[in-house]
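Survey of secondary and tertiary structure
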Amino acid sequence: MALGLLLVFVAAGLMGCHTPKPVREEALQPMAQSYRGVLPCADCAGIDTSLFLAENGTFILQHHYQTDRPGNRVFATYGRWARTADKLVLTDVQGEKSYFRPLDNGLEMLDRDGAPIVSSNTYRLTATKAPLPTTPMAMRGLYRYMADAAVFADCFTGVTYPVVNNIVMEKRYLQVVYSMS
């Protein structure tokens, strides 16, 4: 009986030594809403990149290719962003994902699999207070006009935007309708 009691105390003591230490979770720190930097480019001087994160979970990513060649050198895309404990995941309207990780006062671009890019080049965007770009972007959604107010509901993000210059939209719509008839 005494031996059985001793074994129970030893077993209880050993189990107490192996209790996991409580994990101290740190709250996610607020992120800046806009970032900018020049990313490496294979056939140009660099890609001036701006990233804008909206509080509603949407983003705009603008690339300006620094080249002397003629043609459009500014491209923009948009989509939804999500943040994990260690990464920022951007999903554009085509379903393509881009990954970044917070680093100092900015973001570091990651490869297509979300792993660090092994290179001597710098893949960093720095936090900035830049305004949203005005680069045109194709969007798919539902346009509604009621009581002198027009809105556009984007299909991908679910966000509804007010249409500021409704007369331009109306003229283009009528051009398309009449050209189809």
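Below, the structure is looked at part by part. What you are looking at is a predicted structure, and each value in this text was computed from that prediction instead of being measured.

Another aspect to go through is the overall build of the chain. In terms of helices and strands, the chain carries two helices and 11 strands. Mapped in sequence order, the helices and strands of the chain form the string α-β-β-β-β-β-β-β-β-β-β-β-α. Residue burial in the chain is summarised as follows: out of 181 residues, 27% are buried. A separation threshold of at least 6 residues defines the contact pool for the chain, and within that pool the share at least 24 residues apart is 31%. With an accessible surface of roughly 13300 Å², the chain has 59% of that area assigned to carbon and sulfur atoms.

What follows covers a nonpolar patch on the surface. Residues Tyr173, Leu174, Val177 and Tyr178 make up a contiguous nonpolar surface patch of about 430 Å² in total accessible area. Following the sequence through the fold, tyrosine 178 ends up in helix α2 (residues 166-180). Tyrosine 178 gets classed as exposed once you look at its relative accessible area, which sits at 58%.

Across the sheet, three strands lie side by side as β9-β10-β11; this open sheet has antiparallel pairing. Edge positions in the open sheet fall to β9 (141-146) and β11 (160-162), since each of these has one partner strand only. Sheet twist, expressed as the average angle between the axes of neighbouring strands with direction ignored, equals 25°.

This part takes up the pairing of strand β6 (residues 97-103). Direction of pairing for strand β5 (residues 88-92) relative to β6: antiparallel, over a ladder of four bridges. Looking across to β6, one finds that threonine 91 is bridged to lysine 97. Hairpin connection between β5 and β6: a loop of four residues separates the two successive antiparallel strands, and glycine 95 in this loop has a positive phi of roughly 90°. Taken together, the four bridges between β6 and strand β7 (residues 106-109) define a ladder with antiparallel strand orientation. Bridging across to β7, proline 102 finds its partner in leucine 107. With antiparallel pairing between neighbouring strands as the criterion, β6 and β7 make up a hairpin whose turn holds two residues, including aspartate 104 at a positive phi of roughly 50°.

What counts as what
Residues numbered from 1 in each chain as written. Predicted model: local features only at pLDDT ≥ 70, side-chain atom pairs only at ≥ 80, totals over all residues. Heavy atoms only, no water. Helix = DSSP H or I, 4+ residues; strand = E, 2+ residues; numbered from the N terminus. Buried < 20%, exposed > 50% of the residue type's maximum accessible area, 1.4 Å probe, protein only. Contact = heavy atoms within 4.5 Å. Areas by Shrake-Rupley, 256 points an atom, 1.4 Å probe, with all protein chains shown as cover. Patch = residues over 30% accessible without salt bridge, like charges linked within 9 Å, V, L, I, M, F, W, Y side chains within 5 Å. Salt bridge = Lys/Arg side-chain N within 4 Å of Asp/Glu carboxyl O. Pairing = 2+ DSSP bridges. Axes fitted to C-alpha atoms, helices over the stretch in contact; angles between N-to-C directions.

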